[in-house]
Amino acid sequence: MTEIFLELGQRPDETGPQLNGPVAYPAEVASRLADDAAAIIAKYPQARSALLPLLHLVQSQDGYLTPAGTRFCATQLGLTAAEVTAVATFYSMYRRAPTGEYLVGVCTNTLCAVMGGDAILEALRYHLGIEPGQTTADGRVTLEAIECNAACDYAPVVMVNWEFFDDQNPDTARELVDDLRAGRPVTPTRGGPLCTFRETERVLAGLRAAPDGGWS
C-alpha cells in the first residue's frame, strides 16, 4: 500500500505566519506521548475511536497540529496520515497555525453580533494590533472570530481557551486581554479554572491535573 501524506495548510481564518513545525518528535518526547496515548486508547473498544483525543494530545505538545503530530497519531492508531488529516481538517478546534497561550475567541454569530460581538472583535483588533487568526508578538494571545457556542442567553460572549466570559463589551474585553498578557489571574464566568492553551488541550485529551499542580 502506498501512503499519501497531505500537508495541513492554514484555514482561511488563520492568517498568521505558516510554520510547518517538526516532522518527527525526539525520542524522549515520542516516548512520553506514547505513554499518554496508550492510556487514552485503552478507554475505547476500537483504537481508531481515540483519534479526536489524540489530536488534542499532540496539539498540547506543539500548540497546533504539526506533521510530527499527524504522523504520531497515525502510527499509534494504525491509520494513514491522510486519514488523520481528513479528520483534523474537519473540526475547527484543531489548529493549523501556531497558537498563543490564550486563544481568545469572540462570538460573531447572529445574536452576539447584534448585541455587540462585532464591536468587541473590532476593538480587540485595534487594541492588540492583530487580525483574527494572528498572535500577539509576546505569544500570549491569539485572536479569532468564532461561531455560536450555545451561550446566547449571555450574549455577547468571549471565550478564552473555550472557557466562557459572558456579557462582554469592548471595555471588559480589552481589560480581559490586558490581564492575560500581564499574567494576572482571570476567572471565567462559569466552568472550570482557566488554563493555558496547551494545558487545556491535555484536559480535552482526557488527561487530568495532577495533585502537585502538574499535568498528567
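All values derive from a computational prediction rather than experimental measurement. (Residues numbered from 1 in each chain as written. Predicted model: local features only at pLDDT ≥ 70, side-chain atom pairs only at ≥ 80, totals over all residues. Heavy atoms only, no water.)

**A few points about the nonpolar core**
Inference 1: Residues Leu-54, Leu-55 and Leu-57 are the most contacted members of the largest nonpolar core, which totals 24 residues.
Inference 2: Counting residues in hydrophobic clusters, the runner-up holds 18 residues, among them Val-141, Val-158, Leu-180 and Val-186. (Core = buried A, V, L, I, M, F, W, Y, C linked by side-chain atoms within 4.5 Å. Buried < 20%, exposed > 50% of the residue type's maximum accessible area, 1.4 Å probe, protein only.)

**Comments concerning the pairing of strand S1 (residues 102-107)**
Inference 1: Buried residues dominate S1, accounting for 6 of its 6 residues.
Inference 2: Side chains Tyr-102, Val-104 and Val-106 project from S1 onto one buried face, and the interleaved Leu-103, Gly-105 and Cys-107 project onto a second face that is buried too.
Inference 3: Inspection of the sheet shows S1 paired to strand S2 (residues 141-146) by 6 bridges, in the parallel sense. When the sheet's bridge partners are listed, Val-106 is paired in S2 with Ala-145.
Inference 4: For the handedness criterion, the β-α-β arrangement of S1, helix H5 (residues 110-128) and S2 is classed as right-handed.
Inference 5: Two strands pair when backbone bridges link them, and S1 and strand S3 (residues 158-160) are joined in this way by 3 bridges, in the antiparallel orientation. Paired with Gly-105 across the bridge in S3 is Met-159. (Helix = DSSP H or I, 4+ residues; strand = E, 2+ residues; numbered from the N terminus. Pairing = 2+ DSSP bridges. Right-handed = clockwise from strand over helix to strand, strands pointing away.)

**Some words on empty space enclosed by the protein**
Inference 1: One pass over the structure, following the stated rule, counts 2 cavities of 30 Å³ or more.
Inference 2: If you add up the space inside the second largest cavity, you get close to 40 Å³.
Inference 3: What lines the second largest cavity is simply Leu-103, Val-104, Gly-105, Glu-144, Ile-146, Met-159, Asn-161 and Trp-162.
Inference 4: Broken down by secondary-structure element, the contributors of at least two residues to the lining of the second largest cavity are S1 and S2.
Inference 5: The biggest single contributor to the lining of the second largest cavity is S1, with 3 residues. (1 Å grid on protein atoms, 1.4 Å probe; cavity = no way out; pocket = protein on both sides within 12 Å on 5 of 7 lines; lining within 4 Å. Points joined across faces, edges and corners; volume = space filled by probe spheres on them.)

**A word on the UniProt feature "binding site: [2Fe-2S] cluster" (unreviewed entry) in the chain**
Inference 1: Here the UniProt-annotated "binding site: [2Fe-2S] cluster" (unreviewed entry) positions come out as Cys-107, Cys-112, Cys-148 and Cys-152. A maximum C-alpha distance of 9.7 Å places the annotated residues, which cover 46 residues in sequence, within one compact spot.
Inference 2: When its relative accessible area of 5% is taken as the criterion, Cys-107 is described as buried.
Inference 3: Setting aside anything within four residues of it in sequence, one finds Cys-112 in contact with Cys-107, Gly-117, Ala-155, Pro-156 and Val-157. (UniProt positions renumbered as here; feature names shortened; annotations may be inferred. Contact = heavy atoms within 4.5 Å.)

**Thoughts on the packing of H5 against helix H6 (residues 170-182)**
Inference 1: It is at 9 Å that the axes of H5 and H6 come closest, and there the two elements cross at 40°. With respect to H6, the axis of H5 lies oblique. Regarding H5 and H6, the two cross each other, and that crossing is right-handed. Facing Ala-119, Ile-120, Ala-123, Leu-124, His-127 and Leu-128 of H5, the residues of H6 in contact are Pro-170, Ala-173, Arg-174, Val-177, Asp-178 and Arg-181.
Inference 2: Across the contact of H5 with H6, the residue classes break down as 8 nonpolar, 1 polar and 3 charged. (Axes fitted to C-alpha atoms, helices over the stretch in contact; angles between N-to-C directions. Parallel < 35°, antiparallel > 145°, perpendicular 65-115°, else oblique. Left-handed = near helix turned anticlockwise from the far one by under 90°. Nonpolar A, V, L, I, M, F, W, Y, C, P; charged D, E, K, R; others polar.)

**Comments concerning H5**
Inference 1: Its maximal kink placed at Gly-116, H5 deviates by approximately 70°.
Inference 2: The secondary structure elements touched by the buried residues of H5 are S1, S2, S3 and H6.
Inference 3: Immediately downstream of H5, the backbone of Gly-129 shows phi near 75°, a positive value. (Bend = angle between axes of the 7 residues up to and from the residue.)

**Description of the packing of aromatic side chains**
Inference 1: For the structure shown, the criterion picks out 4 aromatic pairs.
Inference 2: Look at Phe-90 and Tyr-91: their rings are 4.9 Å apart centre to centre, the planes differ by 80°, and that puts the pair in the edge-to-face class.
Inference 3: Given the relative accessible area of 63%, Phe-90 is considered exposed.
Inference 4: For Tyr-91, a relative accessible area of 37% corresponds to the partly exposed category.
Inference 5: Three or more aromatic residues link up through ring pairs in this structure, and these residues are Phe-90, Tyr-91 and Tyr-94.
Inference 6: In this arrangement the basic side chain of Arg-125 is found over the ring face of Tyr-126, its NZ or CZ atom lying 5.4 Å from the centre. (Phe/Tyr/Trp six-rings, centres within 6.5 Å; stacked < 30°, edge-to-face > 60°. Lys NZ or Arg CZ within 6 Å of the ring centre and 35° of its normal.)

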